[in-house]
Structures are given as C-alpha cells and as structure tokens.
Amino acid sequence: ETVQGVESCDDGHAMDVDMGIQFDFTCTSGTYVADGDGPQCQKECAVPEDNTEFTFAHRDEALEAGDIVPPGKSHIKLQSANDTLKLVGATTMSCNKEGE
C-alpha cells in the first residue's frame, strides 16, 4: 500500500525549498518507507550578521541579519545595500545541505 505523508525535520533543519511537503510512502514489512530517495532534511542557513554591503531577500521578503533561510538553490536574492550601485554577475545565493 502506498500513501502520501508529510515529513518533519528537527530544529535547525528543513527540506529544500523546491521540494513539496507531501511524499509517497510504501508499506514494506509493516513499516512505511519513503519511495525513492525520499525527503532529505538539510541544515538551514542564517543571513550573515556582519554584512553592510548587501541586502538579502527570500520569496520577495526582506531578510535581516541572523534570519534563518531554508536550504535551496539560487533562491536568496542579493542586492547592493547602496541603491546607486548594481551588482555585476550572479544576483542569487544558495543555501546548501551543509547550511552554508
């Protein structure tokens, strides 16, 4: 039997922002096991505390120093804190599974 379920992570961990919250689980020998690789809890990231050069945003919400961001790829928007300057190159950041 296969059912859908929600996986929860320990404090300080979350699932990649590109993953959904529902996962398929199949009953094997009386225990439900996630299908495929299943959900993976990864470390969350914190916005740098000592930064005055950049501003950060996630899903169009401004982030402050120390704010926690879930893991994901290129989902943190980065801008110059100086409105008269524009960034050259990549304007997004990622939070990898190690929380960096």
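Overview of the structure. (Residues numbered from 1 in each chain as written. Predicted model: local features only at pLDDT ≥ 70, side-chain atom pairs only at ≥ 80, totals over all residues. Heavy atoms only, no water.)

Of the regular secondary structure elements, the protein holds zero helices and 11 strands. Counted from the first residue to the last, the protein has its helices and strands arranged as β-β-β-β-β-β-β-β-β-β-β. For a compact globule of 100 residues, the expected C-alpha radius of gyration is about 13 Å, and the protein comes in at 17 Å, more than 25% above that figure. Over its C-alpha atoms, taken along the principal directions, the protein stretches across nearly 60 × 25 × 20 Å. Buried positions account for 24% of the 100 residues belonging to the protein. Taking all contacts inside the protein whose residues are at least 6 apart in sequence as the whole, residues at least 24 apart take part in 44%. Accessible surface, the protein: about 7100 Å² in total, of which carbon and sulfur atoms supply 47%. Counting 6 positive and 20 negative side-chain charges, the protein places the centres of these two groups 8 Å from one another. (Helix = DSSP H or I, 4+ residues; strand = E, 2+ residues; numbered from the N terminus. Rg over C-alpha atoms; globule rule 2.2 N^0.38 Å. Buried < 20%, exposed > 50% of the residue type's maximum accessible area, 1.4 Å probe, protein only. Contact = heavy atoms within 4.5 Å. Areas by Shrake-Rupley, 256 points an atom, 1.4 Å probe, with all protein chains shown as cover. Lys, Arg positive; Asp, Glu negative; His and termini not counted. Charge placed at Lys NZ, Arg CZ, Asp CG, Glu CD.)

Another point: the environment of aspartate 37. Among the secondary structure elements, aspartate 37 is positioned in the loop between strand S4 (31-34) and strand S5 (42-43). When the C-alpha positions of aspartate 37 and cysteine 95 are compared, they lie 20 Å apart, and in sequence the two are 58 residues distant.

The subject of this paragraph is the nonpolar core. Core analysis: the largest hydrophobic core is formed by eight residues, namely Cys45, Val47, Phe56, Leu63, Val69, Ile76, Leu78 and Cys95. Once you skip the residues sitting within four places of it in the chain, valine 47 turns out to touch Phe56, Leu63, Glu64, Ala65, Gly66, Asp67 and Val69. (Core = buried A, V, L, I, M, F, W, Y, C linked by side-chain atoms within 4.5 Å.)

What follows covers the sheet that holds strand S1 (residues 2-6). With respect to topology, three strands assemble into an open sheet ordered S1-S3-S4, the strand pairing being antiparallel. The open sheet has two edge strands with one neighbour each: S1 and S4. Between one strand axis and the next, the sheet turns by 45 degrees as a mean value, whatever way the strands run. (Pairing = 2+ DSSP bridges. Axes fitted to C-alpha atoms, helices over the stretch in contact; angles between N-to-C directions.)

Turning our eyes to something else, we now look at the side chain of serine 80. Inspection of the secondary structure puts serine 80 in strand S10 (residues 72-80). Within the structure, the side chain of serine 80 is placed 3.2 Å from the backbone nitrogen of asparagine 82, a separation counted as a polar contact. Excluding residues that lie within four positions of it along the chain, serine 80 makes contacts with Glu53, Phe54, Thr55, Leu85 and Leu87. (Polar contact = N/O pair within 3.5 Å; in protein donor to acceptor, adjacent residues only side chain to side chain.)

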